Amino acid sequence: MQNEPLALYIHWPFCLAKCPYCDFNSHVRDTIPQARFAKALRAELAHDAARLGRRKLTSIFFGGGTPSLMAPETVAALIEDARTLFDAAPELEITLEANPTSVEAGRLHQFRQAGVNRVSLGIQALDDRALAFLGREHSAAQARAALETARGLFPRLTFDLIYARPEQSLVAWREELTTALQLADDHLSLYQLTIEPGTRFESLYRKGAFTLPDDDTAATLYEATADLTQAHGMAAYEVSNYARPGSESQHNLTYWRYADYLGIGPGAHGRLSFGNALVATRRHRAPEPWAERVERTGTGQTQEEELTPHDRAQEMLLMGLRVYEGINLSRFYARTGIRLEDAVDQSVLAQALQEGYLNLSAQTLRATPEGRLRLEALLAALVL
Ligand SMILES: C[S@@+](CC[C@H](N)C(=O)[O-])C[C@H]1O[C@@H](n2cnc3c(N)ncnc32)[C@H](O)[C@@H]1O
Ligand code: SF4
C-alpha cells in the first residue's frame, strides 16, 4: 500500500457568521488572523510531506469553514507548495468551497489565478425566506450572481442546496430543484436538513420552534430528487451527490473509496498508509491552539492511531456503501486484510440482498437506491 496516491484536504476554520444548522469546525473572529494561519498551514504541509515522501497527488480540497475568506495568496502558496512537495497528477483537481457573499464573489478570479479549477458554492436555497431561516449572509440574487461569475471563470462548478426544510412541500422542492438544475453545470450536492447536536437549530427544534418533514415525506423528497436529477442527466453517485458521468468529485471519491488522504488545518483528519500499516490522524480542533502547536512543534497533530483490520473493514464498509459504484471486493481485502464476507453479519447480508437493499456480484457489493435510502439502519445491522 506504500504507493497509494494521495488526496490533500486543507481546512480553513473561519466564517463570517455561524449558521444555525452547522456543526462543522467553523469559528467567527473579529479579525481573521490571516498571516498566522497561512504560515501555520504551510508549515504543517511541509512537515507531513517530509514524512510521506513524493507521493502522487490526485486532488486538493480547500474546505471549511469558509475557505473563500482565505487570502488568495495563501491559496496560491499552498497549491504551489503541494505541487513542489508531491508528484502532482496532470489532471490535479483543485476545489475550493466558496460562500456567495459579495466579498467572496469578488475574489473568485484571484482563486482561479491561484490555480483552483473547481469551485463549490454554498447556495443552500434559492429563495430569500429560506435563506433567512437558514441564517445565511447572502440573498438568492447574490447566490445567482456568484454562480454566474464562477461559471465564467472555472472549468468545473458545483453548488450545495439544503432541502427537506420545515414545511417544504414536494411541489415546492420540485420547483426549486428544477430551477437549480437549469443553473447547474455538471455536479450538485443536495443535502437533507439534519439537526446536529450542539447547534442553534437543535435547541430551537427541541423547543418546537419548527418541525421537519416526517420520514415518509423526506423519503418522497429524496426519490423526487433522484428522479429529477436523473432526467437531467445527472446520476446519484453518492447519497447526497449528483453528477454527469465523469464529473464526480475525485477528491470526495477518495474518501468513499477509502484511499489515502492527508488532512491539514484545525480538526482535519487523515488516513495514511505506511507500508502495510494504515494510520488515522487527528489535529487539534480549536484554531488558535492548533496554530500554537504548529508553531511549537511543526504540526497540529494530536493523535495518530494504527487501524486494526477490523477498524478498516468497518470504515471501508461505511464509506463504500454510500457510493453507487459500491465496494470492489479485491480492493476491500487488499486494503483491510479481511475478506468482505468475514466483515459483515451473514444473515443480515442475505436478508438485505433478498429484500433488494444490497446487490452482490463476483467483484462488487453495492447498495441499491432503496438501500441508500435507509443506509444508516442497514449499516448498523450489517457491519460486525
Ligand atoms: C462545510 S459546509 C459549507 C461550506 C461553506 N462554508 C458554505 O457554507 O457554503 C458544507 C455543506 O454542508 C451542508 N450542511 C452543513 N450542515 C448541514 C445540516 N445540518 N444539514 C444539511 N446540510 C448541511 C451545507 O450544504 C454546506 O454547504
Ligand atoms: S455552513 Fe458554511 S458558512 Fe455556515 S457556519 Fe458552516 S461552514 Fe460556516
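Residues numbered from 1 in each chain as written. Chains lettered and ligands numbered in written order. Predicted model: local features only at pLDDT ≥ 70, side-chain atom pairs only at ≥ 80, totals over all residues. Heavy atoms only, no water.

Undergrad: Which parts of the structure should I look at to understand the overall build of the protein chain?
TA: A tally of helices and strands in the protein chain yields 17 helices and 15 strands. A globule of 384 residues ought to have a C-alpha radius of gyration of about 21 Å, and the protein chain, at 21 Å, matches this closely. Within the protein chain, the fraction of its 384 residues that count as buried is 53%. (Helix = DSSP H or I, 4+ residues; strand = E, 2+ residues; numbered from the N terminus. Rg over C-alpha atoms; globule rule 2.2 N^0.38 Å. Buried < 20%, exposed > 50% of the residue type's maximum accessible area, 1.4 Å probe, protein only.)

Undergrad: How do you make sense of the packing of helix α1 (residues 34-52) against helix α11 (residues 287-297) when you look at a structure like this?
TA: In the contact formed by α1 and α11, the axes pass within 9 Å of each other and the chain directions differ by 55 degrees. Between α1 and α11, the crossing angle belongs to the class labelled oblique. Considering only the axes of α1 and α11, their crossing is left-handed. Contact residues: Arg36, Phe37, Ala40, Leu41, Ala43, Glu44 and His47 in α1; Pro287, Glu288, Trp290, Ala291, Glu292, Val294, Glu295 and Thr297 in α11. In terms of residue class, the contact of α1 with α11 is built from eight nonpolar, two polar and five charged. (Axes fitted to C-alpha atoms, helices over the stretch in contact; angles between N-to-C directions. Parallel < 35°, antiparallel > 145°, perpendicular 65-115°, else oblique. Left-handed = near helix turned anticlockwise from the far one by under 90°. Contact = heavy atoms within 4.5 Å. Nonpolar A, V, L, I, M, F, W, Y, C, P; charged D, E, K, R; others polar.)

Undergrad: What am I meant to see in the domain arrangement of the protein chain here?
TA: Accessible area lost upon the coming together of the parts is a frequently used measure of interface size. The domain architecture assigned to the protein chain consists of domain 1 (6-254) and domain 2 (313-384). Taken over C-alpha atoms, the centre of domain 1 sits 28 Å from the centre of domain 2. Between domain 1 and domain 2, the contact holds eight residues from the first and seven residues from the second. Of the roughly 650 Å² buried where domain 1 meets domain 2, counting both sides, 60% is carbon and sulfur surface. Looking at the side of domain 1 facing domain 2, the largest losses of area belong to Tyr222, Glu238 and Val239, adding up to 56% of the total buried there. We note a salt bridge from arginine 322 to glutamate 238, for which the minimum N-O separation is 2.7 Å. Elements with a contribution of two residues or more to the side of domain 1 that touches domain 2: α9 (215-231) and β7 (235-238). Its residues placed into classes, the side of domain 1 that touches domain 2 shows six nonpolar, no polar and two charged. (Domains from an automatic or database assignment. Buried area = accessible area lost by both parts, 1.4 Å probe. Salt bridge = Lys/Arg side-chain N within 4 Å of Asp/Glu carboxyl O.)

Undergrad: Please clarify how the side chain of arginine 283 should be interpreted in this entry.
TA: As for its placement among the helices and strands, arginine 283 is situated in strand β11 (residues 277-283). Separated by 3.2 Å, the side chain of arginine 283 and the backbone oxygen of glycine 263 make a polar contact. (Polar contact = N/O pair within 3.5 Å; in protein donor to acceptor, adjacent residues only side chain to side chain.)

Undergrad: Would you explain the nonpolar core in this entry?
TA: Nonpolar side chains tend to gather and get buried jointly when the protein is soluble and globular. Within the largest apolar cluster, 92 residues are counted, with the highest numbers of intra-cluster contacts made by Phe62, Phe159 and Leu317. Broken down by element, this core gets its largest block of residues, six residues, from α1. Each of domain 1 (6-254) and domain 2 (313-384) contributes no fewer than three residues to this core. What phenylalanine 159 contacts, discounting residues up to four positions off in sequence, is Leu121, Ile123, Leu147, Ala180, Leu183, Ala184, His187, Leu188 and Ser189. By size, the runner-up hydrophobic cluster in this structure holds 12 residues, among which are Ala130, Ala140, Leu193 and Phe201. (Core = buried A, V, L, I, M, F, W, Y, C linked by side-chain atoms within 4.5 Å.)

Undergrad: Where do I start with the environment of leucine 278 in this structure?
TA: Of note, leucine 278 is situated in strand β11. With 58 residues separating them in the primary sequence, leucine 278 and threonine 336 have C-alpha atoms 8.9 Å apart. The contacts of leucine 278, once residues within four sequence positions are left out, are Tyr258, Asp260, Arg271, Leu272, Ser273, Glu305, Glu306, Leu307, Arg312 and Arg335.

Undergrad: How do you make sense of the site of ligand 1 when you look at a structure like this?
TA: Not every one of the 17 residues close to ligand 1 is listed here, only the nearest: Gly65, Gln124, Arg136, Asp160 and Thr194. A distance of 3.1 Å separates a nitrogen atom of ligand 1 from a polar atom in the backbone of tyrosine 21. At 2.6 Å, a side-chain N or O of aspartate 160 approaches an oxygen atom of ligand 1. For ligand 1, whose free accessible area comes to 560 Å², the fraction covered by protein is 92%. Contributing elements (two or more residues each) for the shell around ligand 1: β4 (118-124), β5 (156-163) and β6 (187-192). (Near = heavy atom within 4 Å. Areas by Shrake-Rupley, 256 points an atom, 1.4 Å probe, with all protein chains shown as cover.)

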